[in-house]
Amino acid sequence: MSTDGVRKHLRAALDEIVEREKKHLHDSYDKSDAEIAKRIEKMRPLIESLHALKNEIGKVDGVDIDPSEHGHMATVHVNSSVTQQSYSISTNIDNTCFEVEEYRYVTFGDFDTIEKTHSFESPDLALNLVVDAIGKHIAQKQVLGERKQKSRLEKS
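Keep in mind it's a predicted model, so treat the numbers as computed, not measured.

Calculation rules
- Residues numbered from 1 in each chain as written.
- Predicted model: local features only at pLDDT ≥ 70, side-chain atom pairs only at ≥ 80, totals over all residues.
- Heavy atoms only, no water.
- Helix = DSSP H or I, 4+ residues; strand = E, 2+ residues; numbered from the N terminus.
- Rg over C-alpha atoms; globule rule 2.2 N^0.38 Å.
- Buried < 20%, exposed > 50% of the residue type's maximum accessible area, 1.4 Å probe, protein only.
- Contact = heavy atoms within 4.5 Å.
- Areas by Shrake-Rupley, 256 points an atom, 1.4 Å probe, with all protein chains shown as cover.
- Lys, Arg positive; Asp, Glu negative; His and termini not counted.
- Charge placed at Lys NZ, Arg CZ, Asp CG, Glu CD.
- Pairing = 2+ DSSP bridges.
- Core = buried A, V, L, I, M, F, W, Y, C linked by side-chain atoms within 4.5 Å.
- Expected span 1.5 Å × (residues − 1).
- Polar contact = N/O pair within 3.5 Å; in protein donor to acceptor, adjacent residues only side chain to side chain.
- Axes fitted to C-alpha atoms, helices over the stretch in contact; angles between N-to-C directions.

J.: Talk me through the overall build of the protein chain; I want residue IDs and the actual numbers.
T.: For the protein chain, the helix and strand inventory stands at 2 helices and 5 strands. Helices and strands in the protein chain line up, N terminus first, as α-β-β-β-β-β-α. In summary, the protein chain has a C-alpha radius of gyration of 26 Å against a globular reference of 15 Å for 156 residues, an excess of more than 25%. In terms of its C-alpha atoms, the protein chain occupies a principal-axis envelope of roughly 105 × 30 × 25 Å. Per-residue burial for the protein chain yields a buried fraction of 24% across its 156 residues. Looking at the protein chain alone, contacts between residues at least 24 apart form 42% of all its contacts between residues at least 6 apart. As presented, the protein chain carries roughly 11300 Å² of accessible surface, and 51% of it is formed by carbon and sulfur atoms. Taking the average location of the 22 positive side-chain charges in the protein chain and that of its 28 negative ones, the two points are 4 Å from each other.

Listed below in C-alpha cells is the structure:
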C-alpha cells in the first residue's frame, strides 16, 4: 500500500473515531444539561425564598445569603465572634430531595465542630433550618446591643 493510501486509511479511521466521540460527548452533555435543568426547577422555590429572605433582612453583619446565579444551589453563612456556620443547599444526586450540608464551628466554651448532611423532602423544611440559624443570629446581635446600651445608661 502506498504512503498516500495509508494516510487516507488513517484519516478515515481518525475521522470515524472523532465523529463517534463527538456524538457520545454531545449525548452526555445533553443528558447532563437535562439533569441540571431538573435540579434548577426543583430548587426554584427555595432559591426564590432565599432571595426574599435576603431582601427582607437587608444587610446583617455576619449573614451572607448567596443563591447561585444558575439556580442549582445556594450557600448561607452565619458568622459571629464565637460561631461560624455554613449551609450548602442543593438537591441530592437523584434530584429526589433537598440536601443541606451544615458546618458549624464554635470557638466559645467547648470548641466544637459539627458537620451534618440533612435531607428534606420539602423546600420549606430546608429553608427552616437556615431561617432558624439566621433568626438566632439576629436575636443574639440585638440582645448584645441592648445589653451594651443598658450598661451605658447605668454608668451615666
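Moving on from the coordinates now.
J.: So what's going on with the pairing of strand β1 (residues 63-67)? Which residues, and what values?
T.: Here β1 shows one buried face, formed by V63, I65 and P67, and one open face, formed by D64 and D66. In this sheet, strand β2 (residues 74-79) lies alongside β1 in antiparallel orientation, the contact comprising 5 bridges. Following the sheet pairing, D64 is matched in β2 by H77. Linking two consecutive strands that pair antiparallel, namely β1 and β2, is a turn of 6 residues; a positive phi of about 90 degrees is found at G71 within it.

J.: Mind laying out the nonpolar core, listing which residues take part and the relevant values?
T.: In this structure, L46, L50, I65, V76, I89, V130 and I134 are the most contacted members of the largest nonpolar core, which totals 21 residues. Those elements giving two or more residues to this core turn out to be α1 (3-57), β1, β2, β3 (83-91), β4 (98-106) and α2 (123-155). If we skip the residues at most four places from it in the chain, I134 touches L53, I57, V63, I65, V76 and V78.

J.: Lay out α2 with the relevant residues and their values.
T.: With 33 residues, α2 should reach 48 Å at 1.5 Å per residue; the first-to-last C-alpha distance of 48 Å fits that figure. As for α2, its buried residues are in contact with α1, β1, β2, β3, β4 and β5 (112-120). The opening residue of α2 is S122, an N-cap whose side-chain oxygen sits 3.0 Å from the backbone nitrogen of D124.

J.: Which residues make up the sheet that holds β5, and what are the values?
T.: Paired through backbone hydrogen bonds, the strands of a sheet run either parallel or antiparallel to each other. Ordered in space as β1-β2-β3-β4-β5, the 5 strands form an open sheet in which the pairing is antiparallel. Each edge of the open sheet carries a strand with a single partner, namely β1 and β5. Averaged over all pairs of adjacent strands, the angle between their axes in this sheet comes to 10 degrees, without regard to strand direction. Across the sheet, α1 is in contact with β1, β2, β3 and β4; its angle to β1 comes to roughly 150 degrees. Contacts between α2 and the sheet are confined to β1, β2, β3, β4 and β5, with β2 contributing the most and set at about 25 degrees to the helix.

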